[in-house]
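Next come the chains, spelled out residue by residue.
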Amino acid sequence: MRDLSPVSMHHDTPEERKKYNYTPLFSVGEQVVVVKMPYMRRSFQTKRLVSELILDKLMLTLILALAAMAFATVVGIFLGVWAATRANSWIDNMIIGGSVAGISMPSFVSASLISLYLGYKLGPYIGLNGTGSLWVETIYYGRQLQLQNLILPALTLGIRPLSIIVQLTRSSMLDALSQDYIRTAYAKGLSRRRVIWRHAFPNALNPVITAVSNWLASLMSGAFFVELIFDWKGLGYETIQAVRTLDLPVLMGATIVIAATFVVINFLADILYALIDPRVRLQ
């Protein structure tokens, strides 16, 4: 999202910094190396700066993606470990069958079904809304936080990554439980719970971390239909509106942000490998 560009030292004034929105880093001879945010122009429809518009909407999409990923990671790891420790049982078969169904169902289908049944038909009984964003404008009370509107879109968005995490965790755990060090741990008299969570589980996390990092970036860019169906006014919702109205500056800005998200999240995932698995070291 940022580019380095040389600026003449004679023109490096506070007025120039404010005008061109850059921050000087260091000087090289008569030139100054600066960090400058790209100028994305203004929206054709609202006339707002695209950078401001995206920053307003990006936080809502980030909250939705993090909530969906937290749900998928916690529940997926638990179900994957449970299935691995009861391999080939009816519990294992039920969990694997459910994960296959979750992977196969497109997000817009699951979003439509969940919004219809949990939001509209059962909404008055369970207190959840079929549509609505995190902030709702009311006539008498102004802008109000509505956390209950986050539950259904986060659940919908988390179904597919949850299914992937279940299968990866189960496969990795089965591989870890078949290793010699696990048999040695049992021979030392360690309890089953300690062997599973202390010895097998940490060594089975690498594929799960890869899936979580990739899916988090994918959720940031793939929440378009979910945001549209649930009327969650995040970056995905704004991008679809930009497609409808041919608002090209907003589309280009959203593409830059999504691409930068993939790069940053994958970089952080590589660092996390070395922190969790001692066999991996940063060179």
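All values derive from a computational prediction rather than experimental measurement.

Enquirer: Go over the overall build of the chain, please, and point to the residues and values.
Expert: Counting its secondary structure elements, the chain contains 12 helices and five strands. With 283 residues in all, the chain has 38% of them scored as buried. Of all intrachain contacts in the chain linking residues separated by at least 6 positions in sequence, the fraction that spans at least 24 positions is 65%. As displayed, the chain offers around 16,400 Å² of accessible surface, 64% of which is attributable to carbon and sulfur atoms.

Enquirer: Help me get a handle on the packing of helix 7 (residues 180-187) against helix 8 (residues 192-203), residues and values and all.
Expert: Each pair of packed helices can be summarised by the angle the axes make with each other and by the distance between the axes. Viewed as axis vectors pointing N to C, helix 7 and helix 8 meet at an angle of 155°, and their least axial separation amounts to 10 Å. In terms of orientation, helix 7 lies roughly antiparallel with respect to helix 8. In terms of crossing hand, the pair formed by helix 7 and helix 8 is right-handed. Side by side, helix 7 and helix 8 meet where Tyr181, Ile182, Ala185 and Tyr186 of the first sit next to Arg192, Val195, His199, Ala200 and Asn203 of the second.

Enquirer: So what's going on with the side chain of Ser133? Which residues, and what values?
Expert: Of note, Ser133 is situated in the loop between helix 5 (123-126) and strand 4 (135-138). For Ser133, a relative accessible area of 8% corresponds to the buried category. Of note is the side chain of Ser133, whose polar atom sits 3.5 Å from the backbone nitrogen of Lys233. Residues within four places of Ser133 in sequence aside, it is in contact with Leu60, Gln146, Asn149, Asp231, Trp232 and Lys233.

Enquirer: Just give me the short version of unusual backbone geometry, but keep the residues and values in it.
Expert: Unlike most non-glycine residues, Asp231 shows phi in positive territory, near 55°. Mapped onto the secondary structure, Asp231 falls in the loop between helix 10 (224-229) and helix 11 (235-245). The partly exposed category is assigned to Asp231, whose relative accessible area is 25%. A positive phi angle, close to 55°, is found at Leu246, a residue other than glycine. Mapped onto the fold, Leu246 is located in the loop between helix 11 and helix 12 (248-276).

Enquirer: Tell me about the side chain of Glu227, and please be specific about residues and values.
Expert: With respect to the element layout, Glu227 can be found in helix 10. An unpaired buried charge is present at Glu227: no salt bridge exists, and Lys57, the closest side chain of opposite charge, is 8.7 Å distant. In contact with Glu227, not counting residues within four places along its chain, are Thr61, Leu64, Trp232, Gly234, Leu235, Gly236 and Tyr237.

Enquirer: Just give me the short version of the packing of helix 2 (residues 50-85) against helix 6 (residues 151-177), but keep the residues and values in it.
Expert: Look at helix 2 against helix 6: their axes get within 6 Å of each other, and the N-to-C directions meet at 35°. In the packing of helix 2 onto helix 6, the handedness of the crossing is right-handed. Partitioned by chemical class, the residues of the contact of helix 2 with helix 6 number 24 nonpolar, five polar and one charged.

Enquirer: Give a description of the environment of Leu152 that names residues and reports values.
Expert: Tracing the sequence through the fold places Leu152 in helix 6. Taking the C-alpha atoms as reference, Leu152 lies 7.9 Å from Leu118; in sequence the two are 34 residues apart.

Enquirer: Give me the nonpolar core: which residues, what numbers.
Expert: Here is a general trend for soluble globular proteins: nonpolar side chains tend to be buried in one another's company. Within the largest apolar cluster, 44 residues are counted, with the highest numbers of intra-cluster contacts made by Leu64, Ile77, Leu157 and Met173. If you list the elements that add at least two residues to this core, you get helix 2, helix 3 (90-104), helix 4 (107-121), helix 6, helix 7, helix 8 and helix 9 (205-222). For this core, the element with the most residues is helix 2, which contributes 10 residues. Residues in contact with Met173, not counting those within four places in the same chain, are Val81, Ala84, Ile196, Ala200, Phe201 and Ala204. Core analysis: the next-biggest nonpolar cluster, separate from the first, contains nine residues, Leu53, Ile54, Ala242 and Val257 among them.

Enquirer: Can you explain helix 11? Please cite residues and give values.
Expert: In an α-helix, one full turn covers 3.6 residues, which means residues spaced three or four apart are oriented alike. For helix 11, the complete set of buried residues consists of Leu235, Gly236, Tyr237, Glu238, Thr239, Ile240 and Ala242. Trailing helix 11 by a residue or two, Leu246 shows a phi angle of about 55°, which is positive.

Enquirer: For helix 3, give the residues involved together with the corresponding values.
Expert: Taking 1.5 Å per residue as the helical rise, helix 3 with its 15 residues ought to reach 21 Å, and the 21 Å between its terminal C-alpha atoms agrees with that figure. Buried residues of helix 3: Ile91, Asp92, Ile95, Ser99 and Gly102, and no others. Angular distribution of buried residues about the axis of helix 3 spans 100°; they occupy a single face of the element. In helix 3, the exposed positions angled more than 90 degrees off the buried face are occupied by Trp90, Asn93, Met94 and Ser104. Residues of helix 3 that are buried make contact with helix 2 and helix 6.

Reading the values: rules and limits
Residues numbered from 1 in each chain as written. Predicted model: local features only at pLDDT ≥ 70, side-chain atom pairs only at ≥ 80, totals over all residues. Heavy atoms only, no water. Helix = DSSP H or I, 4+ residues; strand = E, 2+ residues; numbered from the N terminus. Buried < 20%, exposed > 50% of the residue type's maximum accessible area, 1.4 Å probe, protein only. Contact = heavy atoms within 4.5 Å. Areas by Shrake-Rupley, 256 points an atom, 1.4 Å probe, with all protein chains shown as cover. Axes fitted to C-alpha atoms, helices over the stretch in contact; angles between N-to-C directions. Parallel < 35°, antiparallel > 145°, perpendicular 65-115°, else oblique. Left-handed = near helix turned anticlockwise from the far one by under 90°. Polar contact = N/O pair within 3.5 Å; in protein donor to acceptor, adjacent residues only side chain to side chain. Lys, Arg positive; Asp, Glu negative; His and termini not counted. Salt bridge = Lys/Arg side-chain N within 4 Å of Asp/Glu carboxyl O. Nonpolar A, V, L, I, M, F, W, Y, C, P; charged D, E, K, R; others polar. Core = buried A, V, L, I, M, F, W, Y, C linked by side-chain atoms within 4.5 Å. Expected span 1.5 Å × (residues − 1). Arc of directions from axis to C-beta.

Read these as spatial facts, not as claims about activity.
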